2 protein chains.
Amino acid sequence: MTRHTSAVTGMLALVGVTLFGQGRAQPPQVGVPAQPGTAQAPGQRGGGRGGPQGPQIVSPQVNAERTVTLRLYAPKATQVNVTGEILNGAAPAAMTKGEDGVWTATLPAVPPDVYLYAFNIDGVNTPDPRNPWVKLVSGTGLASQVEVPGDGPQYYDSKPVPHGLVQIMTYESKATGATRQAWVYTPPDYNRTTTKYPVLYLLHGGGDLDPGWVMTGRAPIIMDNLLAEKKARPMLVVMPLARGGGSLGLGPNGMSPGIAAAGNVAPPAGRGAGAPAPGAAAGVAPPAPAGPAPLQAFAQDFIGDLMPAVERTFRASTRAEDRAMGGLSAGGAATVNTTFSRPDLFGYIIIMSAGAGQAGQNVEASYPKFFGNNASAARQMKLIWIAAGDEDFALNGAKALDEALTKNAVKHVFKTTPGRHEWRLWRPHLYEFAQLLFQPQPRSTESDAGKARSR
Amino acid sequence: MTRHTSAVTGMLALVGVTLFGQGRAQPPQVGVPAQPGTAQAPGQRGGGRGGPQGPQIVSPQVNAERTVTLRLYAPKATQVNVTGEILNGAAPAAMTKGEDGVWTATLPAVPPDVYLYAFNIDGVNTPDPRNPWVKLVSGTGLASQVEVPGDGPQYYDSKPVPHGLVQIMTYESKATGATRQAWVYTPPDYNRTTTKYPVLYLLHGGGDLDPGWVMTGRAPIIMDNLLAEKKARPMLVVMPLARGGGSLGLGPNGMSPGIAAAGNVAPPAGRGAGAPAPGAAAGVAPPAPAGPAPLQAFAQDFIGDLMPAVERTFRASTRAEDRAMGGLSAGGAATVNTTFSRPDLFGYIIIMSAGAGQAGQNVEASYPKFFGNNASAARQMKLIWIAAGDEDFALNGAKALDEALTKNAVKHVFKTTPGRHEWRLWRPHLYEFAQLLFQPQPRSTESDAGKARSR
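In this report, we go over the structure that sits alongside the text. All values reported here derive from a predicted model rather than from experimental measurement.

It is worth spelling out the pattern of salt bridges at this point. Oppositely charged side chains may form a pair once their charged atoms are brought near each other. According to the stated counting rule, one finds 30 salt bridges over all chains in the structure shown. Here R218(B) makes a salt bridge to E147(B), at a shortest N to O gap of 2.8 Å. With R218(B) in the loop between α2 (212-215) and α3 (219-228) and E147(B) in strand β10 (residues 143-148), the pair connects residues that are 71 residues apart, well separated along the chain. For the pair R218(B) and E147(B), a shared accessibility class is recorded, and that class is buried. The residue E364(B) makes a salt bridge to K407(B) at a minimum N-O spacing of 2.7 Å. With E364(B) in helix α7 (residues 363-366) and K407(B) in helix α9 (residues 395-407), the pair connects residues that are 43 residues apart, well separated along the chain. A relative accessible area of 16% means that E364(B) is categorised as buried. Each of D113(A), R424(A) and R427(A) takes part in salt bridges that share partners, so that together they form one network.

Residue and element names in this part refer to chain B. Their axes nearest at 7 Å, the elements helix α6 (residues 330-341) and helix α8 (residues 368-380) cross at an angle of 55°. One way to sum up the angle between α6 and α8 is to call them oblique. Counting all contacts with α6, which are made through T339, F340 and S341, the residues of α8 involved are K369, F370 and F371.

All names here are of chain B. A sheet is described by the order of its strands in space; here four strands give the open sequence β1-β2-β6-β5, paired in antiparallel fashion. Looking at which strands have only one partner, the edges of the open sheet turn out to be β1 (61-62) and β5 (96-97). Sheet analysis places β5 next to strand β6 (residues 102-107), joined by two bridges and oriented antiparallel. Its bridge partner being in β6, K97 is matched across the sheet by W103.

Between its first and last C-alpha, α6(B) extends 16 Å over twelve residues, near the 16 Å set by a 1.5 Å rise per residue. The element α6(B) is largely enclosed, with a buried count of eleven among its twelve residues.

All names here are of chain A. Mapped onto the secondary structure, L383 falls in strand β17 (residues 383-389). L383 gets classed as buried once you look at its relative accessible area, which sits at 11%. Apart from residues lying up to four places away in sequence, L383 is in contact with G347, Y348, I349, I350, V413, L436 and L437.

Rules used throughout
- Residues numbered from 1 in each chain as written.
- Chains lettered and ligands numbered in written order.
- Predicted model: local features only at pLDDT ≥ 70, side-chain atom pairs only at ≥ 80, totals over all residues.
- Heavy atoms only, no water.
- Salt bridge = Lys/Arg side-chain N within 4 Å of Asp/Glu carboxyl O.
- Helix = DSSP H or I, 4+ residues; strand = E, 2+ residues; numbered from the N terminus.
- Buried < 20%, exposed > 50% of the residue type's maximum accessible area, 1.4 Å probe, protein only.
- Axes fitted to C-alpha atoms, helices over the stretch in contact; angles between N-to-C directions.
- Parallel < 35°, antiparallel > 145°, perpendicular 65-115°, else oblique.
- Contact = heavy atoms within 4.5 Å.
- Pairing = 2+ DSSP bridges.
- Expected span 1.5 Å × (residues − 1).

Here is the structure:
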């Protein structure tokens, strides 16, 4: 009995630390290094981590005056810079090394918002090892996220209002030969009604993945808040994987032939199998295919696989005037290509920080179903809403699209809002255009989010 | 018109690269560095990344013989090691530096499975910057994930069978003072029936967050596959945040007072506000509270907030014999504490890689409602299922719990399975015990997953 009791007690201490030590929430004192292989750090034996962890430090730390202090333990590094949105447009900030091997930087105050940041350690980009809130990306580099709070909850902060659900739908994509996922917001009243809902298809950009509009864009929170204030109509928001590849974490069948062919993973028997690409074994990837084929594969998935799966799974209206499609950056280009190619399917088009997609030399000639017969399909759209940031590298492309529509006398909204090519721009865009969708009359486009935002 | 057309064309090239370059899927040739600030790398201006990216390399690369090659560009580093599950129990593997600054290691062949790994660069742990598939953790260090495929889809791989949905439910937690989330699997037939379903509450461990059982544990895929083979009964699987803090990405109201008090973030006005903790400004966290209070806060959230929210939102049976609670590691300890304290609420108890929770000196004395009156509540449980790995550091704690139950003549299953304290252990556990839940008769505990797994 003595042995039994002490074994139980030993386990208690161990799991207590594991569950409730909560690294970030209550880290031990600085200067007390974790001991790998002891009960203090059991996760190190199995969690993909290893080596000395260094002192337990707090990072990020948001200070009351809206400055942000970042810390990184890197005793052998010779230069560490902070990069990302948290700089608010300034040049990379050099961190200062302390005698304990901890690099520190306190950045200038920024307006309330959610920011991305990362460290560059002697040329290696890495997210903040102490920050669990990472942005999932499609290969352009992981980044950490930090929120600088405002005075009370902002339009993108969760409030104690009725919450919708985010439903992750898995479907087989014939067009891409992969299993894929879409994240679908259903409004709070969805499970209390039997009606069909209008649908917004909302695409992320090239650096993101299917969770992007939920985990970084906060679309469900923004919609919850709009609906609680009766500023928007209840709608489904479908956030698919807006690229050619497969979703992550579904196994080999979640990988598109393109990903498998790049040599990252030897394909298994069955679907998706194919000969390894030349050069893959040496870590050299095959050249990217030229031309519009990948975008066409996406549009084929979207129209042939995704939309039918959504309409099978959810109570989604199938009327064109109850469908909106929008996207940012590369997702905006995919939106142009999809909606301009099949204007019969959509009533609303939203283009954020993007131009005319893969239109080739002439956007009008590329989309005859949209611009042909005096742009009859374009003129029947309920709303074409185009926006870009005033410091957005996509601004010129958006302006060119604006001009093409103006030249064809197609009614549309084109606006620039303060900001760069960042999520800080697109969250307020959603807040604004969501109020215009599926309404009998276009409403004012002036938004609280836009008004509240300062730089 | 010329200016307009060329601007559109320029935008095309840019967004084409953004969306379809797909870094990991089709990276450019080795030796062609990305140019920050050009159209080749637009994300660098706004995506939280910056500084030179180095050559575009493929990592991870899974080879046909089930070896894994990892690569990292770190020209100034003096030592880089690979850590994590991918080593399959071996010591950290040193990588070799090439003249181009790219470190490379090809690891020994491993059995088909999903593995975590990370790099230790001169003492700094970092996930693989080239791998978008990262594991979200609660502060113990980010890790990358890689799947080594088997011959055809495994029990944890998505197959073209009917798929359930994963529904992310947001709720207000009075017990923790925070907005929190639970990920809820609903089986494929859920939207075609009107019946109430039995519920498995499934908790992650101390190093994970609420997406853990979905993004790393693959519970929805495992359940889809079991249901397609009619090996399990349709059930809801509720995967909550199994710790005291708030969920990520919900804004300041998603932070528990504990997280706010640690000084990471200055709380906003309103809920969750409080005085900054002493020492927070210097990056020194306050000492962790001692005693069982945090676990009680979790149990209070679980019983007082989470379960009612689930039963309000979903068609969940409220009968004890239709409720199971299970968890791994720290989540197993929380399961012990919750179910042993309130045995009236549950019919099934699953403990993976954990002991007797915060039972104090004597597990029997700590839970009188469970062990009192000759362990009458314990003996009424439909199933108590305890498992740990044969190289699991939690094995002794699990054995002690086994002994306490045996001493009280409480019928239960206790088994060891090959493996360490890793997700490689717990995925087959789920595959096995899910077949035993909510069945008229306990079924065989021998699983295909267990049989198929070799080490």
